[in-house]
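Results of the structural survey
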Amino acid sequence: MDTKPEFQRVLIKLSGEALMGNQGFGIMPEMIAYVAAEVAKVFHLGVEVSIVVGGGNIFRGVAGSSAGMDRTSADNMGMLATVINSLALCDALEKLDIPTRVQSAIRMDRVAEPFIRRKAIRHLEKGRVVIFAAGTGNPYFTTDTAAVLRANEIRAQILFKATQVEGVYDKDPQIHDDAVMFDTLSYMQVIEKQLHVMDMTAISLAMEHDLPLQVLNLHTAGNIYKAVTGGEIGTRIYNT
Ligand SMILES: Nc1ncnc2c1ncn2[C@@H]1O[C@H](COP(=O)(O)OP(=O)(O)OP(=O)(O)O)[C@@H](O)[C@H]1O
Ligand SMILES: O=c1ccn([C@@H]2O[C@H](COP(=O)(O)O)[C@@H](O)[C@H]2O)c(=O)[nH]1
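On a predicted model such as this, the values are computed, not experimentally measured, just so you know. (Residues numbered from 1 in each chain as written. Chains lettered and ligands numbered in written order. Predicted model: local features only at pLDDT ≥ 70, side-chain atom pairs only at ≥ 80, totals over all residues.)

**Comments concerning helix α3 (residues 71-95)**
The α-helix advances 3.6 residues per turn, and as a result positions three or four apart in sequence lie on the same side. Counted only if it meets this: By definition, any uninterrupted DSSP run of H or I lasting at least four residues is a helix, any uninterrupted run of E lasting at least two residues is a strand, and each is numbered from the N terminus. Helices are assigned an expected span. That span is 1.5 Å times one less than the residue count.
In a regular helix each residue adds 1.5 Å, so 25 residues correspond to 36 Å; α3 covers 36 Å between its end C-alpha atoms and thus fits that length. Of the residues one or two after α3, Asp97 is the one with positive phi, at around 65°.

Right under this line is the structure:
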């Protein structure tokens, strides 16, 4: 395995859903420790690492609103779920002696720093991992879109979406056994084929700003490291 990083500054979008492990809900301690160890491998390469964590292990706004809740209230709950995950990940990283800061898009000064772009960049330059919590701070968005937004703002060279499946398939592989994975895709192909591994707002924002995306399986140890060192794993989405 190559040990030279291909990128200097990256944003990793971590699946919230993956954090629940086989518990069905919440945060499984072994899983958060595993995820922190995966991030540590990349951090020790000297790469500037920023992170967005989803909230699917705790609450998704869509689920709340389909159960009759007001959508904005449900989305606010979803954003708070991402704060819980971010604090748990920060704790797990600090246990590995990795200096980490959480910046929240919704102000909660006793719990996390507010999101300040220049400060986030400074943290990265000083060798701290930065976790962006509370999504974009607005309802009707997802953490995938927040990840693209923050990646653009801090000028990350690439966004890795570390998720539950190997990459982007022609249909949902968790539902269809015969789904076929793509090695590469253009943003337009993802939109035209309606491939739902990331939401369309996230894909269009990445396309508009030429931010390459790489979707990979979080559950395979070493995958994020491989991707950061230029390994061809999962699916790369870019302007072909
Ligand atoms: N065409 C597709 N290719 C790959 N995965 C797909 C596709 N269509 C739907 N999916 C589903 O998308 C899921 C990943 O997206 P999603 O953002 O919902 O999950 P996540 O990474 O666990 O996020 P969260 O952080 O919200 O918990 C996969 O687990 C997969 O089941
Ligand atoms: O900018 C954002 C980001 C997220 N939300 C809400 O949080 C949950 C959890 O995020 P996932 O991306 O689904 O993991 C999401 O379902 C939204 O309800 C938001 O409102 N705004």
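**Observations concerning the UniProt feature "binding site: ATP" (unreviewed entry) in the protein**
Spelled out, the test is: UniProt positions are given in the numbering used here, feature names are shortened, and annotations may be inferred rather than shown by experiment. Counting other C-beta atoms within 10 Å of its own, a residue is labelled buried from 20 upward, exposed at 12 or fewer, and partly exposed in the gap between, with every C-beta atom placed from the backbone.
Here, the residues flagged by UniProt with the feature "binding site: ATP" (unreviewed entry) are Lys13, Leu14, Ser15, Gly16, Gly56, Arg60, Thr163, Gln164, Tyr169 and Asp172. Spatial dispersion of the annotated residues is evident: they stretch over 160 residues in sequence, and the largest pairwise C-alpha distance comes to 23.0 Å. Note that Arg60 resides in the loop between β2 (48-53) and α2 (61-66). Given 21 C-beta atoms within a 10 Å radius, Arg60 is considered buried.

**Notes on the site of ligand 2**
Going by this rule: Residue proximity rests on one test: whether the C-beta atom, placed from the backbone, lies within 6 Å of the molecule or strand. Following the grouping adopted for this structure description, the nonpolar residues are Ala, Val, Leu, Ile, Met, Phe, Trp, Tyr, Cys and Pro, the charged ones are Asp, Glu, Lys and Arg, and the polar ones are all others, Gly among them.
Contacts to ligand 2 come from 22 residues, most closely from Gly54, Gly61, Asp75, Gly78 and Gly135. Looking at the shell around ligand 2, the elements with two or more residues in it are α2, α3 and α5 (143-153). Taken together, the residues of the shell around ligand 2 sort by class into 7 nonpolar, 12 polar and 3 charged.

**Some points on the sheet that holds strand β1 (residues 9-14)**
Think of a sheet as strands paired side by side through backbone hydrogen bonds, with each pair either parallel or antiparallel. Threshold: Two strands make a pair as long as DSSP finds a minimum of two bridges between them.
In space, the 9 strands of this open sheet follow the order β4-β3-β5-β2-β1-β6-β8-β9-β7, with mixed pairing throughout. At either margin of the open sheet sits one strand with a lone partner, and together these are β4 (113-114) and β7 (184-185). As judged from the 2 bridges shared by β7 and strand β9 (residues 235-237), these two strands associate in the parallel manner. Across the sheet, the residue bridging to Thr184 is Arg236, located in β9.

**Points about the nonpolar core**
Convention followed: Each nonpolar core comprises buried Ala, Val, Leu, Ile, Met, Phe, Trp, Tyr and Cys residues, the members being joined through C-beta atoms within 7 Å. A pair of residues counts as a contact when their C-beta atoms, built from backbone coordinates, are separated by no more than 7 Å.
Core analysis: the largest hydrophobic core is formed by 75 residues, its most contacted members being Ile12, Val39, Ile51, Leu89, Ile131 and Leu159. The leading source of residues in this core is α3, at 9 residues. The contact partners of Leu89, leaving out residues within four places of it in the chain, are Ile32, Val35, Ala36, Ile51, Val53 and Ile131.

**With respect to the UniProt feature "domain: Aspartate/glutamate/uridylate kinase" (unreviewed entry) in the protein**
With numbering aligned to this structure, UniProt lists the feature "domain: Aspartate/glutamate/uridylate kinase" (unreviewed entry) at residues 9-217. Span residues 9-217 is 39% helix and 18% strand, its end C-alpha atoms 20 Å apart.

**Description of the site of ligand 1**
Taken together, 20 residues sit near ligand 1, with Ser15, Glu17, Gly54, Gly56 and Thr163 positioned nearest. Of the residues that constitute the shell around ligand 1, the class distribution is 7 nonpolar, 9 polar and 4 charged.

**Looking at the packing of α5 against helix α7 (residues 200-208)**
Counted only if it meets this: Axis definition: a line fit to C-alpha positions, over the contact stretch in the case of helices; interaxial angles, taken between N-to-C directions, run 0 to 180 degrees. What sets the label is the angle itself: under 35 degrees gives roughly parallel, over 145 gives roughly antiparallel, 65 to 115 gives roughly perpendicular, and the rest give oblique. Each crossing is labelled by how the near helix is turned from the far one, with a counterclockwise turn of less than a right angle marking it left-handed and a clockwise turn marking it right-handed.
Axis separation between α5 and α7 bottoms out at 8 Å; the angle between their running directions is 15°. Judged by the inter-axis angle, α5 sits roughly parallel to α7. Remark: the crossing between α5 and α7 carries left-handed chirality. Contact with α5, carried on its side by Asp144, Thr145, Val148 and Leu149, involves Thr201, Ala202, Leu205 and Ala206 of α7 and no other residues of that element.

**Looking at the pairing of strand β6 (residues 158-163)**
With 5 of 6 residues buried, β6 is to be regarded as a mostly interior element. In this structure, β1 lies alongside β6, joined through 5 bridges in parallel fashion. Residue pairing in the sheet places Val10 in a bridge with Ile158 of β6. With 5 bridges joining them, β6 and strand β8 (residues 213-217) adopt parallel strand pairing. Paired with Lys161 across the two strands is Val215, which belongs to β8.

**Details of unusual backbone geometry**
Unlike most non-glycine residues, Tyr140 shows phi in positive territory, near 70°. Looking at the secondary structure, you find Tyr140 in the loop between β5 (129-133) and α5. Positive phi is not limited to glycine here, since Asp210 has a value of about 60°. Relative to the assigned elements, Asp210 resides in the loop between α7 and β8.

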